[in-house]
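Coordinate inspection notes
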Amino acid sequence: MSAISDLTAYLTDPWASEFMVRSLLALVMVSVVCAVMGSFVVVKGMAFIGDALAHASFGGVAVAFVLGVSIYLGAAVAAILTSLGIVFVSRRAGLRFDTAIGVLFVGAFALGILIVSRQEGYIVDLFSFVFGNVLGVGQDDLLLIAAVGAAVLVLVALFYKELLFTAYDPAMAAASGLPVAAMQYGLLGLIALSIVISLKAVGIVLVVAMLVTPAATAQLLVRRLHLIMVVGAGIGVVSSVVGLYLSYHADVAASAAVVLTATVLFLMTFLFAPRRGIIGSRQPSILTKPEEGYSSPR
Amino acid sequence: MARVDTGQLDTKEEGFRPAIEVSDLWAGYDGQTALEGITLTIEEGCLAGLVGPNGSGKSTLLRVILGLHRHWRGEVRLFGQKADRARRLLGYMPQVELVDWDFPVSVFDVVMMGRYGRLGLLRRPGRRDHEVVWRSLEQVHMTDLAQRQIGELSAGQQRRVLIARTLSQEPRILLLDEPFTGLDAAAQHDLLDLFNEVRAAGKTLLVATHDLSCVAAAFDHAACLNRKIIAFGEPRTIFTEEILNATFQTHLLLVNVEGKTYVSYQ
């Protein structure tokens, strides 16, 4: 009996305090939005862009802090300007895409550090955006995460077929008359927004894990983009809940616990996934190739 | 019958109707000329080849016809209409190497993408779109594999998926970029059968390739391209040593053994 009541207490205790409930809500919403956008990041190999936009947003956070305007607004403007700048510079200067990313995001991040270094009294508050402080998420933050997150998900649902086609085969999509450039900029914008709403909960350094890890885990399990989104969102939510329990009971940083939970889930899937895992698969995909040539199944 | 060097067909022939008309077309990249004054007419219901070595402008010509690359001068007409207004008539198959085969989509998803251009923004595929997709899959004998992830297909099957996507666009003209590369002889033969079926359904096909044997075996017409049209006509008429050497230059090796010519493309 006491074992069961211990377990019940273990599971229910954290939710007695309001800030823990707010933390859970924030993490669940953020992990769903990040998994959906992260599916594009993973299948298009955009992890570096995700990381760059997160770091660049720190410059915006610092500027907004000094100007006394909304920190989310500052982060969003910085992330979107950086993503536009990356495309512009790489096109105009003929530089490789990842070079342009490397130059611009560190510049924006350094601007943030420069500003912070002049604001001695407020460093702690600003640095909560670097490492995340989910327990400090307030009612306003929750509302903003819910509103922007819902908008991102609705836009993805509305333009799913265009985003899918553009991501898969931009040349063919353009030949079919789809607005490819608008979709590519739009995709970057939506990724930037999901990063911005995650900053307070998980922080700049760890947000790329929320984008990449659940979607990468899902990609080991399912093989269609919309399924990767759904399964990735599920994995993100499970990681958030488990991570928060760990954080509460072991008294460790929540964002780190959530990310590490997701990492462990990825490694377990990597080892045991039925089709593509190292141990579970009967036919290691590296060793088997589809037979060459075509035999018509008539 | 021989229509060497002109690129223009005699319009008095029976039932002739031009599907693609390219006139004095100039195009290139960053000041580098890729196409110099191309004039070419492909008639309706014709399986036509566009042959030339790498960098001869084959893909550029297809991309200009598709409106993916802006040309400097000249004009493209499709069934008599300006190409800008008639792109719906076109179906396109890009080079296989340009396709991301690891992307998480099924065969069915890829073929459905052929419908997206017609659907327009915010609209979801309806019953008719599904019918067209299944019919296209049937035409290439791929209905059994509709739910497969595209990376799990063989080279010949991958080609068929891309052709099914082209068919699901319900085009009157199909533009195909290097469909034979990487296929073994049996798969190439199957593909030629499929092209004949598509042509029998009244479609026009323009196929960019450097595979001379496939063109010689089954195509109605061929244009030899190397920035300019070197020759245009029936393959057996224009595939002469002189014209092929002018087209492929150092890329081609012609060997004469006991009166037969063997061709090797490098």
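Quick look at the structure, then.

**Let's talk about the overall build of chain B**
When you go through chain B residue by residue, the secondary structure sums to eight helices and twelve strands. Evaluated residue by residue, chain B yields a buried proportion of 45% over its 266 residues. Residue pairs at least 24 apart in sequence account for 67% of intrachain contacts in chain B once pairs closer than 6 positions are excluded.

**Remarks on the nonpolar core**
One finds A:Val30, A:Met37, A:Ala79, A:Ala192, A:Val196, A:Val207 and B:Leu175 to be the most contacted residues of the largest nonpolar core, which totals 172 residues. Considering every element that reaches this core, the biggest residue donor is helix 2 (residues 18-43) of chain A, with 15 residues. Beyond its immediate stretch of four places on either side in the chain, A:Ala192 contacts A:Leu53, A:Ala76, A:Ala79, A:Ile80 and A:Ser83.

**Some words on the sheet that holds strand 4 (residues 73-78) of chain B**
Residues and elements named next belong to chain B. Reading across from one edge, 2-1-4-5 is the order of the four strands in this open sheet, with antiparallel pairing throughout. Of all strands in the sheet, those with a lone pairing partner are strand 2 (32-43) and strand 5 (81-82), marking the two edges. Bridge count between strand 4 and strand 5: two bridges; the pairing is antiparallel. Across the sheet, residue Arg-77 finds its bridge partner in strand 5, namely Lys-82.

**A closer look at helix 4 (residues 155-168) of chain B**
All names here are of chain B. Counted at 1.5 Å a residue, the expected span for helix 4 with its 14 residues is 20 Å, and the 20 Å between its end C-alpha atoms agrees. For helix 4, the tally of buried residues reaches 13 of 14 residues, placing the bulk of the element in the interior. The first or second residue beyond helix 4 is Glu-170, which carries a positive phi of 50°.

**Let's talk about the sheet that holds strand 9 (residues 221-226) of chain B**
Residue and element names in this part refer to chain B. Strands sit in the order 6-7-8-3-9-10 across an open sheet of six strands; the sheet is mixed. At either end of the open sheet lies a strand with only one pairing partner, and these are strand 6 (90-93) and strand 10 (228-233). For this sheet the average axis-to-axis angle between neighbouring strands, irrespective of direction, equals 15°. Pairing geometry for strand 9 and strand 10, over five bridges, is antiparallel. Within the sheet, the bridge partner assigned to Cys-224 lies in strand 10 and is Ala-231. Sheet strands touched by helix 1 (residues 58-66): strand 3 (47-51), strand 6, strand 7 (173-177), strand 8 (204-209) and strand 9. Its angle to strand 7, the strand with the most contacts, is close to 145°. Seen against the sheet, helix 8 (residues 241-248) touches strand 3, strand 9 and strand 10 and runs at an angle of roughly 150° to strand 10.

**Structural notes on the interface of chain B and chain A**
Contacts between chain B and chain A engage 31 residues on the former and 27 residues on the latter. In terms of residue count, helix 2 (residues 107-119) of chain B provides more of the side of chain B that touches chain A than any other element does, four residues in total. Here the side of chain B that touches chain A is built from residues that sort into 17 nonpolar, seven polar and seven charged.

**Structural notes on the pairing of strand 4 of chain B**
All names here are of chain B. Looking at chain direction, strand 1 (residues 18-29) and strand 4 are connected through five bridges and run antiparallel. Following the sheet pairing, Ile-20 is matched in strand 4 by Leu-78. Between the end of strand 4 and the start of strand 5, which pair antiparallel, lie two residues, with Phe-79 showing a positive phi angle near 50°.

**So, the packing of helix 3 (residues 47-67) of chain A against helix 10 (residues 180-202) of chain A**
In helix packing, the relevant descriptors are the interaxial angle and the interaxial distance, both defined with respect to the helix axes. Residue and element names in this part refer to chain A. Running from amino to carboxyl end, helix 3 crosses helix 10 at an angle of 55°, the nearest separation of the two axes being 10 Å. For the element pair helix 3 / helix 10, the angle class is oblique. In this structure, helix 3 crosses over helix 10, and the sense of that crossing is right-handed. Residues Gly-50, Leu-53, Ala-54 and Ser-57 of helix 3 lie in contact with helix 10, whose contacting residues are Ile-191, Ala-192, Ile-195, Val-196 and Leu-199. Residues of the contact of helix 3 with helix 10, tallied by class, amount to seven nonpolar, two polar and no charged.

**A word on the packing of helix 3 of chain A against helix 4 (residues 71-92) of chain A**
Residue and element names in this part refer to chain A. Their axes nearest at 7 Å, the elements helix 3 and helix 4 cross at an angle of 135°. Between helix 3 and helix 4, the angle is such that the two are oblique. Judged by the twist between their axes, the crossing of helix 3 over helix 4 is right-handed. Where helix 3 abuts helix 4, its residues Ala-52, Leu-53, Ala-56, Ser-57, Gly-59, Gly-60, Val-61, Val-63, Ala-64 and Phe-65 lie against Ile-71, Leu-73, Gly-74, Ala-75, Val-77, Ala-78, Ala-79, Thr-82 and Ser-83. Looking at side-chain class alone, the contact of helix 3 with helix 4 contains 13 nonpolar, six polar and no charged residues.

**Section: the pairing of strand 9 of chain B**
Residue and element names in this part refer to chain B. Counted residue by residue, strand 9 has five buried out of six residues, so it is predominantly covered. Taken together, the four bridges between strand 3 and strand 9 define a ladder with parallel strand orientation. Bridging across to strand 9, Val-51 finds its partner in Cys-224. The turn linking strand 9 back onto strand 10 is made up of one residue, and Arg-227 within it adopts a positive phi angle of 65°.

Calculation criteria
- Residues numbered from 1 in each chain as written.
- Chains lettered and ligands numbered in written order.
- Predicted model: local features only at pLDDT ≥ 70, side-chain atom pairs only at ≥ 80, totals over all residues.
- Helix = DSSP H or I, 4+ residues; strand = E, 2+ residues; numbered from the N terminus.
- Buried ≥ 20, exposed ≤ 12 C-beta atoms within 10 Å, placed from the backbone.
- Contact = placed C-beta atoms within 7 Å.
- Core = buried A, V, L, I, M, F, W, Y, C linked by C-beta atoms within 7 Å.
- Pairing = 2+ DSSP bridges.
- Expected span 1.5 Å × (residues − 1).
- Axes fitted to C-alpha atoms, helices over the stretch in contact; angles between N-to-C directions.
- Nonpolar A, V, L, I, M, F, W, Y, C, P; charged D, E, K, R; others polar.
- Parallel < 35°, antiparallel > 145°, perpendicular 65-115°, else oblique.
- Left-handed = near helix turned anticlockwise from the far one by under 90°.

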